[in-house]
Amino acid sequence: MSVPKAFILHLERAISRAANVRSLKARLPIESEILAAVDGAELSRAEIDRACARRRFKPGYPFALTATEVGVFLSHRAAWRRIVDEKLDFAAIFEDDAQIDPDVFAGLIEFVTAERAAWDYVLMPAAAVRNGTAVARRGALTLVRPDAPPLRAIGQIVSRAAAERLLDRTLPFDRPVDTFLQMTWITGQPVLVASPSPVRDVSRETGGTTVQRRSMGLAERIHHEAMRPIYRAQVLARYRKHMAHESN
């Protein structure tokens, strides 16, 4: 088994996050590399059109992707590609607004290494996941199959098999990476969650989100507020149906 490695996705122009990235890298107890994130603002129309296609999968994503969201998805794909190209057994991937408890993370790496046969994709969420089925336990650490998958992909541990699968099934993509990963019936990749998670979200301390949407008029804002819970309910229903089918 290869030595574990971590990739930190960092948008170079997000200078308010540079200090956190350096701190995260210093706190990681494994080899790590800062991977330049794809800047959606620098993508051409042709590059965006090659990367995404509207309403490719059901349920349809009800909003147009922003250039920033396209860049974020391509950044995650770049990290998955590095796992495959470097023939890593697995790697951790962090967004640049993540920070860790190094002791919990070190314990988690030991745990997932020992339980390697039990998983291919582990999410390290910033918020605790309360409901799900335990897949593996070691001391205070548990890998959980969540009843409802978290939305943020702020921290992940991804095997080479999972990276290959995700690369194969996410181009073109039709929605942000966070919600695409919830769609296990499309990706073919079950999502497990680390509990407790070593990750916390420090975006408020580092200048807020980098995913900026254009200003919307009243009618468009109402449309967004109405469609968001409907879409999330559709995804959750399909996820639970898929999980029930897989467990039978």
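Residues numbered from 1 in each chain as written. Predicted model: local features only at pLDDT ≥ 70, side-chain atom pairs only at ≥ 80, totals over all residues. Heavy atoms only, no water.

Enquirer: Would you explain the side chain of arginine 77 in this entry?
Expert: Position of arginine 77 relative to the elements: it lies in helix 3 (residues 67-85). One buried charged side chain, arginine 77, makes no salt bridge at all; its nearest oppositely charged neighbour is aspartate 168, positioned 8.3 Å away. When sequence neighbours within four positions are dropped, the list of residues in contact with arginine 77 reads Leu166, Leu167, Thr170 and Leu171. (Helix = DSSP H or I, 4+ residues; strand = E, 2+ residues; numbered from the N terminus. Buried < 20%, exposed > 50% of the residue type's maximum accessible area, 1.4 Å probe, protein only. Lys, Arg positive; Asp, Glu negative; His and termini not counted. Salt bridge = Lys/Arg side-chain N within 4 Å of Asp/Glu carboxyl O. Contact = heavy atoms within 4.5 Å.)

Enquirer: Can you help me understand the environment of proline 102 in this one?
Expert: Relative to the helices and strands, proline 102 resides in helix 4 (residues 102-114). By relative accessible area, which is 25% here, proline 102 ends up partly exposed. In sequence terms proline 102 and aspartate 39 are 63 residues apart; their C-alpha atoms lie 29 Å from each other. Not counting chain neighbours up to four residues away, the residues in contact with proline 102 comprise Arg27 and Pro29.

Enquirer: I would appreciate a short explanation of the sheet that holds strand 1 (residues 5-10) in the present structure.
Expert: Sheet strands pair by backbone hydrogen bonding; their relative direction is either parallel or antiparallel. Strand order in the open sheet formed by 8 strands is 2-1-3-8-5-9-7-6, with mixed pairing between adjacent strands. Each end of this open sheet is capped by a strand with a single partner; those strands are strand 2 (31-36) and strand 6 (132-138). Geometrically, the sheet is characterised by an average inter-axis angle of 25° between neighbouring strands, direction not taken into account. Strand direction decides the pairing type here: strand 3 (residues 90-95) and strand 8 (residues 155-159), joined by 5 bridges, are antiparallel. Within strand 8, the position partnered with phenylalanine 94 by the bridge is glycine 155. On top of the sheet, helix 5 (residues 160-169) reaches strand 5 (121-123) and strand 8; it is set at about 100° to strand 8, its chief contact. (Pairing = 2+ DSSP bridges. Axes fitted to C-alpha atoms, helices over the stretch in contact; angles between N-to-C directions.)

Enquirer: Please clarify how the pairing of strand 2 should be interpreted in this entry.
Expert: Successive residues of a regular strand alternate their side chains across the two faces of the sheet. As judged from the 6 bridges shared by strand 1 and strand 2, these two strands associate in the parallel manner. Residue pairing across strands places lysine 5 opposite glutamate 31, the latter belonging to strand 2. For the segment spanning strand 1, helix 1 (residues 18-27) and strand 2, crossover handedness is right-handed. (Right-handed = clockwise from strand over helix to strand, strands pointing away.)

Enquirer: Just checking my understanding: could you explain the environment of aspartate 120 for this structure?
Expert: With respect to the helices and strands, aspartate 120 occurs in the loop between helix 4 and strand 5. Judged by relative accessible area, which is 23%, aspartate 120 ranks as partly exposed. In sequence terms aspartate 120 and alanine 19 are 101 residues apart; their C-alpha atoms lie 31 Å from each other. In this structure, aspartate 120 is in contact with Ile157, Val158, Ser159, Ala161, Ala162, Arg165 and Gln189, ignoring residues within four places of it in sequence. Side chain to side chain, aspartate 120 and arginine 116 meet in a polar contact 3.1 Å long. (Polar contact = N/O pair within 3.5 Å; in protein donor to acceptor, adjacent residues only side chain to side chain.)

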